[in-house]
Amino acid sequence: MPVEIDIAKVAALARIALSDEELAAYGAQLGVILEHAERVQALPTDDVEPTSHPLPLVNAFRPDEVWPSLDRDDVLSQAPDTVDGYYRVPQILDGP
Amino acid sequence: MSVIPEGWEAVIGIETHVELQTRSKMFCGCRVDFGDEPNTAVCPVCLALPGALPVANEAAIDGIVRIGTALDCTINERSLFYRKNYFYPDLPKNYQISQYTYPVCEHGRIVVDVDGEPTVIGITRVHMEEDTGKSLHMGEGGRIQDADHTLLDFNRAGVPLVEIVTEPDIRTPDQARAYGAELQRIVRTLGVSDARLEEGSMRFDANVSVRRAGTSELGTRTEIKNVNSLRSMQRAIAFEIERQVEVLAAGGTVVQETRHWNEATGRTTAMRSKEESEDYRYFQEPDLLPLSIDERWRNRVKASMPELPAQLRARLVAAGADERTAGLLADSPLLAGLFDAAVRAGAEARTVASWLTGEVVAYARRVGASVGELHLTAEHLVELAAMVAGGELSATAAKQVLTGVLAGEGGPRQVAEAMDLLQISDSGAIEAVVADVVADHPDALEKIRSGDAKPIGFLVGQVMRATGGKADPKMVQEIIRRSAGL
Ligand SMILES: [Zn+2]
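Since this is a predicted model, take the numbers as computed values, not measurements. Every residue gets a number counted from 1 within its own chain, in the order that chain's sequence is written. Each chain gets a letter, beginning with A, and each ligand a number, beginning with 1, in the order they are written. Only residues with pLDDT of 70 or above have their local features reported here, since the model is predicted, and side-chain atom pairs are shown and tallied only from 80 upward, although totals for entire chains, interfaces and linings are computed over all residues. To obtain the side-chain values, all non-hydrogen atoms of the structure were used and water was disregarded.

Peer 1: Would you explain a negative patch on the surface in this entry?
Peer 2: Residue and element names in this part refer to chain B. Excluding any residue in a salt bridge, patches collect residues exceeding 30% relative accessible area, merging like charges within 9 Å and nonpolar Val, Leu, Ile, Met, Phe, Trp and Tyr side chains within 5 Å. Per-residue and other accessible areas were derived by the Shrake-Rupley procedure at a 1.4 Å probe size, with only the shown protein chains allowed to occlude residues. What makes a salt bridge here is a side-chain nitrogen of Lys or Arg within 4 Å of a carboxyl oxygen of Asp or Glu, nothing more. Counted as positive: Lys and Arg. Counted as negative: Asp and Glu. His and the chain ends are not counted at all. A charge is said to be at NZ when it belongs to Lys, at CZ for Arg, at CG for Asp and at CD for Glu. On the surface, a cluster of negative charge is contributed by Asp113, Asp115, Glu117, Asp322 and Glu323. Numbered from the N terminus, helices here are DSSP runs of H or I no shorter than four residues, and strands are runs of E no shorter than two. The topology assignment puts aspartate 115 in the loop between strand 7 (105-114) and strand 8 (117-130). Three exposure classes are used, based on accessible area relative to the maximum for each residue type with a 1.4 Å probe and protein chains only: buried under 20%, partly exposed in between, and exposed over 50%. Residue class for aspartate 115 comes out exposed when judged on its relative accessible area of 77%.

See the structure below:
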């Protein structure tokens with residue numbers, strides 16, 4: 001059973017610009033995945049214990065200890081624009 | 001301070017973010033330190049460099065369990081991390097690790113007291129997440145609307161953040177403020193955060209709607225952001241209630257939106273946002289394992305709970321302080337400690353409470369010191385209270401002596417002697433003076449004997465004059481009555 005998917009909305013939410021051909025192609029591919037999920041969804045699972053992770057593990061913790069941070073010059077050298085130790089980004093909201 | 005317009009009722013819920021003061025961040029070992037140079041406490045995890053994996057900080061999980069326990073929450077045995085997906089420059093991963101279904105804590109409560117009326121405010125949930133980076137909007141006024149570019153510091157990105165969400169149980173701006181204050185006291189008492197509003201380690205967002213009194217349907221709500229003090233929150237909510245009532249009373253409709261509180265103008269204004277509605281597409285964080293907070297852990301936290309503010313206030317009241325002074329004392333662990341120790345050693349509770357919340361606080365403020373820096377011990381209070389109880393010091397003189405003690409001039413007796421404030425409380429000495437005075441005014445004594453009480457005051461005055469004001473007037477009066485056979 002085909003699943004309706006608003007592929008343009010999904011692309012917009014993920015900030016990916018897609019051409020009409022790409023929208024059609026990825027829409028079809030995602031549709032197949034969702035159909036599979038629907039089939040799984042339909043299985044009787046009343047007797048199955050819910051799991052939230054494939055491994056039977058919990059509580060992988062780190063002690064509250066400080067490790068060395070990166071050198072700022074190295075870090076900022078990767079950025080397109082910096083000012084005084086800060087990353088600089090363009091205007092966040094559109095102008096009035 | 002604020003009044004809800006007649007015939008209307010407000011429905012308020014509050015979301016609070018609290019930064020935990022752990023040593024390291026939530027999912028990486030970068031230090032948590034807010035005074036640092038920008039972008040110096042960053043690493044591949046909190047900058048979201050490819051391939052970096054988060055590992056949860058155990059102390060942060062312990063911190064949220066402590067908060068949930070203090071708020072009477074159910075601590076869920078199993079809980080899960082989720083990704084909350086959205087794009088914003090202060091969020092390097094383009095998602096925030098947060099919780100969705102199965103938060104660490106649910107179904108708690110806080111009782112707040114406004115004008116002696118206790119109100120139970122339900123806590124819907126308390127969940128664990130990570131903070132975002134800090135944005136500096138550059139341009140006129142530092143506001144996002146006017147900025148032409150923004151600077152980013154990721155030192156704060158990934159700092160453990162706890163979100164506490166109330167039920168829409170709050171009805172007035174005063175209750176909202178009382179809730180915020182109590183939550184702040186609790187978090188500070190637990191020692192998990194300094195919870196400073198002005199520095200952003202505690203932040204409130206308020207959801208406000210109004211409806212006709214007596215109806216039960218919820219109105220359209222707005223969310224208020226940018227309140228940097230308890231007072232701002234109270235004012236912002238009061239403004240928003242009034243604004244919504246005005247809109248509805250004029251036949252308009254309230255728009256569901258986020259509104260920005262402007263401290264200077266005392267108004268909320270709609271924040272411009274993108275047209276599309278938010279769609280966070282929460283899904284379970286595949287890089288983190290589920291949390292299991294078992295009974296042992298929960299019990300260990302319960303056993304390590306400090307005395308919470310409400311318990312402390314109740315104990316101070318039981319020890320003899322009135323509700324208001326108990327509240328003031330409970331706000332300062334030092335004052336509460338001094339009160340406790342002094343009362344336990346036999347000092348009269350109300351006297352000590354009034355000194356601590358009156359003279360002591362006022363003195364500290366005057367000299368710009370904290371209570372901890374003052375020269376004041378519980379022993380001082382005990383000695384001073386005993387001198388008042390024994391008639392050696394009048395209540396007024398005791399306050400003068402206290403000020404001297406606070407200034408480091410010595411112990412109460414030493415200061416009282418140096419200031420020449422000690423009263424004659426030796427009954428033998430006073431009896432002798434009374435005998436002299438009475439011998440000089442036999443007619444006065446006669447009148448008293450025959451039932452005219454008026455001359456008692458006159459004789460007391462004479463004795464006080466003869467002793468240079470140092471006799472305990474109560475004792476003088478007693479002795480005069482006695483010598484008149486009353
Ligand atoms: Zn880091």
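Peer 1: Just checking my understanding: could you explain the nonpolar core for this structure?
Peer 2: Side chains that are nonpolar tend, in soluble globular proteins, to be buried together. In this structure, Leu71, Phe81, Val126, Ile164 and Tyr179 of chain B are the most contacted members of the largest nonpolar core, which totals 81 residues. When residues in this core are grouped by element, the largest group, 8 residues, is from helix 2 (residues 173-190) of chain B. Put simply, a nonpolar core is a bunch of buried Ala, Val, Leu, Ile, Met, Phe, Trp, Tyr and Cys residues held in one set by side-chain atoms that sit within 4.5 Å of each other.

Peer 1: Sorry if this is basic, but what is going on with the side chain of aspartate 205 of chain B here?
Peer 2: Here aspartate 205 of chain B shows up in strand 12 (residues 202-212). The contact criterion used is simple: two residues touch if any of their non-hydrogen atoms lie within 4.5 Å. Setting aside residues no more than four positions away along its own chain, aspartate 205 of chain B makes contact with Gly13, Ile14, Glu15, His17, Glu223, Ile224 and Lys225 of chain B.

Peer 1: Could you clarify how one ought to interpret the sheet that holds strand 7 of chain B in this entry?
Peer 2: Strand pairing in a sheet is mediated by backbone hydrogen bonds. Such pairs are either parallel or antiparallel. Residues and elements named next belong to chain B. In spatial order, the strands read 3-7-8-11-1-12-13-14-15; together these 9 strands make up an open sheet with mixed pairing. What marks the edges here is a single partner per strand, and that holds for strand 3 (74-75) and strand 15 (267-270). Two strands are said to pair when DSSP picks up at least two bridges between them. Of the strand pairs in this sheet, strand 7 and strand 8 are connected by 9 bridges, and their pairing is antiparallel. Looking at the pairing, isoleucine 110 lines up with isoleucine 121 of strand 8. Throughout, an axis means a line fitted to C-alpha atoms (over the contacting stretch in the case of helices), and angles, computed between N-to-C directions, take values from 0 to 180 degrees. Sheet contacts for helix 2: strand 1 (8-19), strand 7, strand 8, strand 11 (160-166) and strand 12; angle to strand 7, the most-contacted strand, approximately 115°.

Peer 1: Help me understand the sheet that holds strand 5 (residues 82-85) of chain B, please; the structure alone is not making it clear to me.
Peer 2: All names here are of chain B. If you walk across this open sheet you meet the 3 strands as 6-5-16, and the pairing is antiparallel. The open sheet has two free edges, formed respectively by strand 6 (95-98) and strand 16 (283-284), since each of these has just one partner strand. Two elements, strand 5 and strand 16, share 2 bridges in a ladder whose sense is antiparallel. The partner of tyrosine 82 across the bridge, within strand 16, is glutamine 284.

Peer 1: Explain the pattern of salt bridges to me, please; I cannot follow it from the model alone.
Peer 2: If the charged atoms of two oppositely charged side chains come close together, the side chains can form a pair. All names here are of chain B. Taken as a whole, this structure holds 32 salt bridges over all chains when the rule is applied. Close ionic contact of arginine 211 with glutamate 9 constitutes a salt bridge, the shortest N to O distance being 2.8 Å. One end of the pair, arginine 211, is in strand 12; the other, glutamate 9, is in strand 1, with 202 residues separating them in the sequence. Of the charged contacts, one joins glutamate 199 and arginine 196 as a salt bridge, the two residues approaching to 3.1 Å between their closest N and O atoms. Residue arginine 196 is classed as partly exposed on the basis of its relative accessible area, which comes to 33%.

Peer 1: I would appreciate a short explanation of the interface of chain A and chain B in the present structure.
Peer 2: A common way to report how large an interface is uses the accessible area buried once the components associate. The interface is formed by 36 residues belonging to chain A together with 55 residues belonging to chain B. What counts as buried area is the accessible surface, traced by a 1.4 Å probe, that two parts surrender upon association, with contributions from both included. For the chain A and chain B pair, buried surface summed over both sides reaches about 4,100 Å², with 58% attributable to carbon and sulfur atoms. Here chain A is connected to chain B by 2 salt bridges. Across the salt bridge formed by arginine 72 of chain A and glutamate 37 of chain B, the nearest N and O atoms sit 3.9 Å from each other. In the analysis that follows, any N or O atom pair within 3.5 Å is treated as a polar contact, provided that within protein one partner can donate a hydrogen and the other can accept it, and provided that, for residues neighboring in sequence, both atoms belong to side chains. Counting across the interface, chain A meets chain B through 20 residue pairs in polar contact (both at pLDDT 80 or more). Of all the secondary-structure elements, those providing two or more residues to the side of chain A that touches chain B are helix 1 (7-13), strand 1 (61-62), helix 3 (72-76) and strand 3 (86-90) of chain A. It is strand 3 of chain A that contributes the most residues to the side of chain A that touches chain B, 5 residues altogether. Pairing between strand 3 of chain A and strand 10 (residues 149-153) of chain B: 4 bridges, direction antiparallel. Bridge pairing in strand 10 of chain B links arginine 88 of chain A to leucine 151 of chain B.

Peer 1: Could you clarify how one ought to interpret a nonpolar patch on the surface in this entry?
Peer 2: Residues and elements named next belong to chain A. Judged by side-chain polarity, Val10, Leu30 and Ile33 come together as a nonpolar surface patch covering roughly 240 Å² of accessible area. Relative to the assigned elements, valine 10 resides in helix 1. By relative accessible area, which is 39% here, valine 10 ends up partly exposed.

Peer 1: Where do I start with the confidence of the model for chain B in this structure?
Peer 2: Low pLDDT marks stretches whose predicted atomic positions should not be read closely. Each residue carries a pLDDT score, the predictor's confidence in it, ranging from 0 to 100. In this model, chain B carries an average pLDDT of 90, and 97% of its residues clear a pLDDT of 70 or more. Scoring the predicted complex yields pTM 0.82 and, for the interface, ipTM 0.87.

Peer 1: Just to check I follow, could you spell out the environment of arginine 78 of chain B for this structure?
Peer 2: Within the element layout of this structure, arginine 78 of chain B appears in strand 4 (residues 78-79). Sequence separation of arginine 78 of chain B and proline 290 of chain B is 212 residues, and the distance between their C-alpha atoms is 6.8 Å. Once residues lying within four places of it in the same chain are set aside, the contact partners of arginine 78 of chain B are Ser52 and Val58 of chain A together with Tyr102, Pro290 and Leu291 of chain B.

Peer 1: Honestly, the packing of aromatic side chains in this entry has me stumped. Any pointers?
Peer 2: When we look at a pair of aromatic rings, we describe it by the centre distance and by the angle of the planes. Only centres within 6.5 Å qualify two rings of Phe, Tyr or Trp (six-membered ring in Trp) as a pair; their planes then separate them into stacked at under 30 degrees, edge-to-face at over 60, and tilted for everything else. Following the criterion strictly, the structure yields 7 aromatic pairs over all chains and no others. Measuring from centroid to centroid gives 6.1 Å for tyrosine 280 of chain B and tyrosine 282 of chain B, while their planes differ by 75°, and the two rings are edge-to-face. Here the aromatic cluster, defined as three or more aromatic residues joined through ring pairs, consists of Tyr82, Tyr86, Tyr100, Tyr280 and Tyr282 of chain B. Lying across the ring of tryptophan 67 of chain A, arginine 62 of chain A places its NZ or CZ 5.8 Å from the centre. Only lysine NZ and arginine CZ atoms are considered, and such an atom sits over a ring when it is within 6 Å of the ring centre and within 35 degrees of the ring normal. Stacked on the ring of tyrosine 280 of chain B, the Lys or Arg lysine 84 of chain B has its end atom at 4.4 Å from the ring centre.

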